Amino acid sequence: MGLQIEGNGPDTETKKVIEMGLKEKIMYWDDERNIGNSLIVTLNYGWHFGTGEALAGDAEHVRGFDTVKDAEQAVREASPCNCIECQKEVK
Ligand SMILES: [Zn+2]
């Protein structure tokens, strides 16, 4: 599945993040800030938020953010994920 963008994006900031090469790590970019929710980023299979190798059932693939800048930094720092779910999808 390719990158999906919803919400009030793609705005210029979203485009910038994608152009910086982060789309390889992003499956779903859902900017719901205009309706009072968060900017919700779902990582591609094979990546998780946080550091180190995720343990089974412990991987964080989805996170909400207040700003594009915060989301960009977290995606940039995302680590390879070998959880069972990702192993099934990454061949
Ligand atoms: Zn995973």
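Only a predicted model underlies this, so the values are computations on that prediction, with no experimental measurement involved.

Draft legend 1. The arrangement of the confidence of the model for the protein in detail. Averaged over all residues, the pLDDT of the protein is 86; the fraction at 70 or higher stands at 89%. Model confidence for the protein, summarised as mean pLDDT per element, is weakest for helix H1 (residues 12-19) at 81 and strongest for strand S5 (residues 62-65) at 96.

Draft legend 2. The arrangement of helix H2 (residues 68-76) in detail. Buried within H2 are the following residues: Val68, Ala71 and Val75. Looking down the long axis of H2, one finds its buried residues gathered within 60° of arc, a one-sided arrangement. Looking at H2, the residues exposed on the side facing more than 90 degrees away from the buried face are Lys69, Gln73 and Arg76. In this fold, the buried residues of H2 make contact with H1, strand S2 (26-31), strand S3 (39-43) and S5.

Draft legend 3. Spatial organisation of the sheet that holds S3. The 4 strands lie next to each other as S1-S2-S3-S5, forming an open sheet whose pairing is mixed. Because the sheet does not close on itself, it has two edges, and the strands there are strand S1 (4-7) and S5. Between one strand axis and the next, the sheet turns through 15° on average, direction left out of account.

Draft legend 4. Structural context of the nonpolar core. In this structure, Ile26, Val41, Leu43, Ala71 and Val75 are the most contacted members of the largest nonpolar core, which totals 13 residues. Sorting the residues of this core by element identifies S2, S3 and H2 as the ones contributing at least two each. Beyond its immediate sequence surroundings of up to four residues, valine 75 is in contact with Leu22, Lys25, Ile26 and Val41.

Draft legend 5. Region of interest: the pairing of S2. Judged from the 4 bridges that link them, S1 and S2 form a sheet pairing that is parallel. When the sheet's bridge partners are listed, glutamine 4 is paired in S2 with tyrosine 28. In this structure, S2 lies alongside S3, joined through 5 bridges in antiparallel fashion. In the strand pairing of S3, tyrosine 28 is matched with threonine 42.

Draft legend 6. Representation of the environment of aspartate 66. Note that aspartate 66 resides in the loop between S5 and H2. Along the chain, aspartate 66 and serine 38 lie 28 residues apart, while their C-alpha atoms are 5.7 Å from each other.

The rules behind the values
- Residues numbered from 1 in each chain as written.
- Predicted model: local features only at pLDDT ≥ 70, side-chain atom pairs only at ≥ 80, totals over all residues.
- pLDDT = per-residue confidence, 0-100.
- Helix = DSSP H or I, 4+ residues; strand = E, 2+ residues; numbered from the N terminus.
- Buried ≥ 20, exposed ≤ 12 C-beta atoms within 10 Å, placed from the backbone.
- Arc of directions from axis to C-beta.
- Contact = placed C-beta atoms within 7 Å.
- Pairing = 2+ DSSP bridges.
- Axes fitted to C-alpha atoms, helices over the stretch in contact; angles between N-to-C directions.
- Core = buried A, V, L, I, M, F, W, Y, C linked by C-beta atoms within 7 Å.

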